[in-house]
Amino acid sequence: MDEVALITSVLYQFGTNAAFLLLAALGLIVILGMMNIINLAHGELMMLGAYVATMAFQQGAPFWLAVVLSFIVVGLFGALLERLIVRRFYGRELGALVVTWGISLILAQGTLLLLGPFMPAIPIPGGSFALGPYSFSAYWIALIVISVLVIVALWWLYNRTEIGLQARATMQNAAMARALGVDTGRIYMLTFSLGAGLAGMSGALMAPTTSIQPFMGQQFVAPAFITVVVGGATNVIAGALGSSLLLSLVKTPVGFWLGAFLGTVALLLAALVIIRLMPDGISAALQRRLDRSAGRS
Amino acid sequence: MGFFRLITGEEDIGRGPFFWGVFLLLVATFFAIPAFLTEFEAYNISFYLLNIPMALGLCLLWGYCGVLSFGQVAYFGIAGYVYGIIAGNMVGHPFGPLIGSLGGLAAAALIAGIFGYFVFYARVQNWIVPILTLVLTLLLETFLGQTAGYQWRVGAVQLGGYNGMTGIPSFQLGPMVFFGFSFFYYVLILVLICYLACRMLVNARFGKVLLAIREDPLRTEMLGYDIRFRQWLTFVLAAVLAGISGLLYVQWGNYITPTQVGLLQAALPVIWVAVGGREKLFAVLVATYALNWLNYTLASQGNQYALVIIGALLVIVMVFFPRGIIVTVADWLRQRRRQAA
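Quick caveat: nothing in here was measured; it's all calculated off a predicted structure. (Residues numbered from 1 in each chain as written. Chains lettered and ligands numbered in written order. Predicted model: local features only at pLDDT ≥ 70, side-chain atom pairs only at ≥ 80, totals over all residues.)

## Details of the overall build of chain B
Then, in step 1: Looking only at helices and strands, chain B features 15 helices and six strands.
Then, in step 2: Taken over the C-alpha trace, chain B has a radius of gyration of 20 Å; the compact-globule value for 341 residues is 20 Å, and the two agree within 12%.
Then, in step 3: A principal-axis box enclosing the C-alpha atoms of chain B has dimensions of 65 × 55 × 45 Å.
Then, in step 4: The contacts in chain B between residues at least 6 apart in sequence include a share of 77% that link residues at least 24 apart. (Helix = DSSP H or I, 4+ residues; strand = E, 2+ residues; numbered from the N terminus. Rg over C-alpha atoms; globule rule 2.2 N^0.38 Å. Contact = placed C-beta atoms within 7 Å.)

Okay, structure coming up:
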């Protein structure tokens, strides 16, 4: 019985770490994979999502509705950002990095000035249950399930819809897609908006587990960006999934025995070693293997 | 003659007698400052000057080599803290601060060397370096922030957590302690040396290869240059330059806190370089001085909009003056002079 409890507990830790990394990185990796743009305002978009959810929750909305609202509101905000600023930086990676960093500074400090340093927290929905000496939070288990569902939904969007087909065409060869009548500008706007919306939704989902304040985005910067660097941009879904699982494998034991800070340090070291071995990330390595086995059969 | 050609080479703003006349006049004015300003004002000017080496390093790295780093303040902080530890343990020794300075620079170079090995020898894509350097900076801040308490003590020096390290010794060479006007001259001469050395570097053969790497890494490699080694070397050099700024900072204020390696501080060098114009050293030098003055003036009035202003400045410059304000103005001036002639 105790062994079962221990194994369940380790699996639970592993799953929550992977879900955290996946949710933190998803919006970022969608934008990077499609547009080759690193959105450094990602953490601040998550912060906005958390704020929207908290405000909706305080107005009496049920929590699920608050999460959906953050997805929509932050998604629209992302579309606005893309039209006004980000659009000018396609093909200039480093310029995009710097400009989105400027946006993130404005968003964080602007929120502080407008809304003050603290927001009341959202209580964690669902209770917890115990198995042997370990206790598990129902909410974190729900988060693991939700992150799996989001991945499935993304897969469906990219592989089973017209928009997804156009998006993949734009990603492979934008000039050719344009020549075939795909409105690539619209695809870019939708993609950035989707990435921002996912960031907002993740922020809302994380809101009950953390304290809500204007600079909360910073805590997601390190894990989210490491996940993206390790995942690479060749295949969005494979990259996000592969790298969050692999990094969780590193973070879970280190964080368990040595504490959260060293867990994050281990993430950075693991990322350095992994990119030394796979410079274009896990997704490129996976893709190569897939291509090779497809060629052989 | 070779020296002369390197100094006036084409890879920076200003080559003619007009530029050098203005430049020498400026330098002379700075050297004369103690004659007409108080020691306190000279002390403030030292502060605007001391960030210039870090900015020049980022300019070399980003503008000339095409590698962006968000983590220059990490090396700034490492050099500052290591200096504090070494010099603080050698109080009374006439060459303690000198040994501390060398130790601080060596530590910055070592960390940058290890980090750079993984990044550049993996030939990662362009956007990965800024991300990983930013992560390194954030981790360093988190680490330093939790070093409060008595167990975080190296010899006689406490790391001090978020309260920072205090009582760091001033710079000293034998019996000569640098403070006030002498510190001002020390900073001024060091900054001048850094600028002229960078200028010579970019006009030398090494600098030309850096430009080639920025323009087309693959082609440069096909011509037989080891681009990984050159990018790595530039990265370490930029870290050392950031380390020099870190040393000057702790010798100026005699304290350092983890905020110095925080997110806001990390944004500043990028802004100085972007606003000036990343492809010209002299533009970065001027912008760094001007923006430090602006930032100090805003901050000393307790301005809570500082971050918003800085962020907005960054967005505006990147959207409307992608080559930098000072470079744009310099080009415009040159065109006007050419039309007038």
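## Brief notes about the overall build of chain A
Then, in step 1: Counting its secondary structure elements, chain A contains 12 helices and two strands.
Then, in step 2: Starting at the N terminus, the α and β elements of chain A follow one another as α-α-α-α-β-β-α-α-α-α-α-α-α-α.
Then, in step 3: The globule rule puts the C-alpha radius of gyration for 297 residues at 19 Å, and the 19 Å found for chain A is close to it.
Then, in step 4: Oriented by its inertia axes, the alpha-carbon framework of chain A measures out at about 60 × 55 × 35 Å.
Then, in step 5: Counting only residues that meet the buried cut, chain A has 48% of its 297 residues in that class.
Then, in step 6: Taking contacts inside chain A between residues at least 6 apart in sequence as the whole, the part at least 24 apart equals 76%. (Buried ≥ 20, exposed ≤ 12 C-beta atoms within 10 Å, placed from the backbone.)

## Description of the interface of chain B and chain A
Then, in step 1: Listed per partner, the contact involves 35 residues of chain B and 32 residues of chain A.
Then, in step 2: Of all the secondary structure elements, the ones that give two or more residues to the side of chain B that touches chain A are α7 (128–145), α12 (263–276) and α14 (306–320) of chain B.
Then, in step 3: Element by element, the count of residues in the side of chain B that touches chain A is highest for α7(B), at 11 residues.
Then, in step 4: Taken together, the residues that form the side of chain B that touches chain A break down as 28 nonpolar, six polar and one charged. (Nonpolar A, V, L, I, M, F, W, Y, C, P; charged D, E, K, R; others polar.)

## A look at the pairing of strand β2 (residues 134–137) of chain A
Residues and elements named next belong to chain A.
Then, in step 1: Two strands pair when backbone bridges link them, and strand β1 (residues 128–131) and β2 are joined in this way by four bridges, in the antiparallel orientation. Following the sheet pairing, S128 is matched in β2 by S137.
Then, in step 2: The hairpin turn running from β1 into β2, its antiparallel successor, is two residues long, and G132 in that turn takes a positive phi close to 60°. (Pairing = 2+ DSSP bridges.)

## Some remarks on the confidence of the model for chain B
Then, in step 1: A residue-level look at chain B finds 99% of positions with pLDDT of 70 or above and a mean pLDDT of 89.
Then, in step 2: In the predicted complex, the global pTM is 0.88; the interface-specific ipTM is 0.81. (pLDDT = per-residue confidence, 0-100.)

## Re the nonpolar core
Nonpolar side chains in soluble globular proteins generally cluster together in the buried interior.
Then, in step 1: Ranked by internal contacts, the top residues of the largest apolar core, which has 203 residues, are L56(B) and A108(B).
Then, in step 2: Among the elements that make up this core, the one with the highest residue count is helix α1 (residues 2–35) of chain A (16 residues).
Then, in step 3: Each residue touching L56(B), except ones within four places of it in the same chain, is listed here: C194(B), Y195(B), C198(B), L241(B), L281(B), V284(B) and L285(B). (Core = buried A, V, L, I, M, F, W, Y, C linked by C-beta atoms within 7 Å.)

## Examining the environment of W20(B)
Then, in step 1: With respect to the helices and strands, W20(B) occurs in helix α2 (residues 17–36).
Then, in step 2: With 204 residues separating them in the primary sequence, W20(B) and G224(B) have C-alpha atoms 36 Å apart.

## As for the packing of helix α3 (residues 39–50) of chain B against helix α11 (residues 227–253) of chain B
Residue and element names in this part refer to chain B.
Then, in step 1: Relative to each other, α3 and α11 sit at 160°, their axes nearing to 9 Å. With respect to α11, the axis of α3 lies roughly antiparallel. Crossing handedness for the pair α3 and α11: left-handed. From α3, S46, F47 and L50 reach across to α11, where they touch S245, L248, Y249 and W252.
Then, in step 2: Partitioned by chemical class, the residues of the contact of α3 with α11 number five nonpolar, two polar and no charged. (Axes fitted to C-alpha atoms, helices over the stretch in contact; angles between N-to-C directions. Parallel < 35°, antiparallel > 145°, perpendicular 65-115°, else oblique. Left-handed = near helix turned anticlockwise from the far one by under 90°.)

## Notes on the environment of L24(B)
Residue and element names in this part refer to chain B.
Then, in step 1: Mapped onto the elements, L24 comes out in helix α2.
Then, in step 2: Taking the C-beta count within 10 Å as the criterion, L24 has 10 such neighbours and is therefore assigned exposed.
Then, in step 3: In this structure, the C-alpha to C-alpha distance between L24 and E11, residues 13 residues apart in sequence, is 19 Å.

## Here we look at the packing of helix α5 (residues 72–89) of chain B against α7(B)
Residues and elements named next belong to chain B.
Then, in step 1: Two numbers describe how α5 lies on α7: the axes approach to 8 Å, and their chain directions differ by 35°. For the pair α5 and α7, the sense of crossing is left-handed. Two secondary-structure elements touch here, α5 through V73, A74 and G77 and α7 through L136, T137 and L140.
Then, in step 2: Per-class residue counts for the contact of α5 with α7 are four nonpolar, two polar and no charged.

## Some thoughts on helix α11 (residues 260–277) of chain A
Then, in step 1: Here α11(A) spans 26 Å end to end across 18 residues, near enough to the 26 Å set by a 1.5 Å rise per residue.
Then, in step 2: When we look at burial in α11(A), the residues that qualify are T264(A), V265(A), L267(A), L268(A), A271(A), L272(A), I274(A) and I275(A).
Then, in step 3: At its buried positions, α11(A) is contacted by α9 (218–231) and α10 (236–258) of chain A together with α6 (96–120) and α7 of chain B. (Expected span 1.5 Å × (residues − 1).)

## Let's talk about the confidence of the model for chain A
Then, in step 1: Per-residue pLDDT for chain A averages 87, and the proportion of residues at 70 or more is 99%.
Then, in step 2: No element of chain A has a lower mean pLDDT than β1(A), which averages 78, and none a higher one than helix α3 (residues 63–84) of chain A, which averages 95.

## A word on unusual backbone geometry
Then, in step 1: For N36(A), which is not a glycine, the phi torsion comes out positive at approximately 60°.
Then, in step 2: If you trace the backbone, N36(A) turns up in the loop between α1 and α2 (42–58).
Then, in step 3: The class of N36(A) is partly exposed, set by 18 C-beta atoms lying within 10 Å.
Then, in step 4: Phi is positive for R123(B), close to 50°, though the residue is something other than glycine.
Then, in step 5: Along the polypeptide, R123(B) turns up in the loop between α6 and α7.

## As for the environment of T8(A)
All names here are of chain A.
Then, in step 1: With respect to the helices and strands, the residue T8 is situated in helix α1.
Then, in step 2: A count of 14 C-beta atoms within 10 Å places T8 in the partly exposed class.
Then, in step 3: Residues T8 and L131, 123 residues apart in the sequence, show an inter-C-alpha distance of 8.5 Å.

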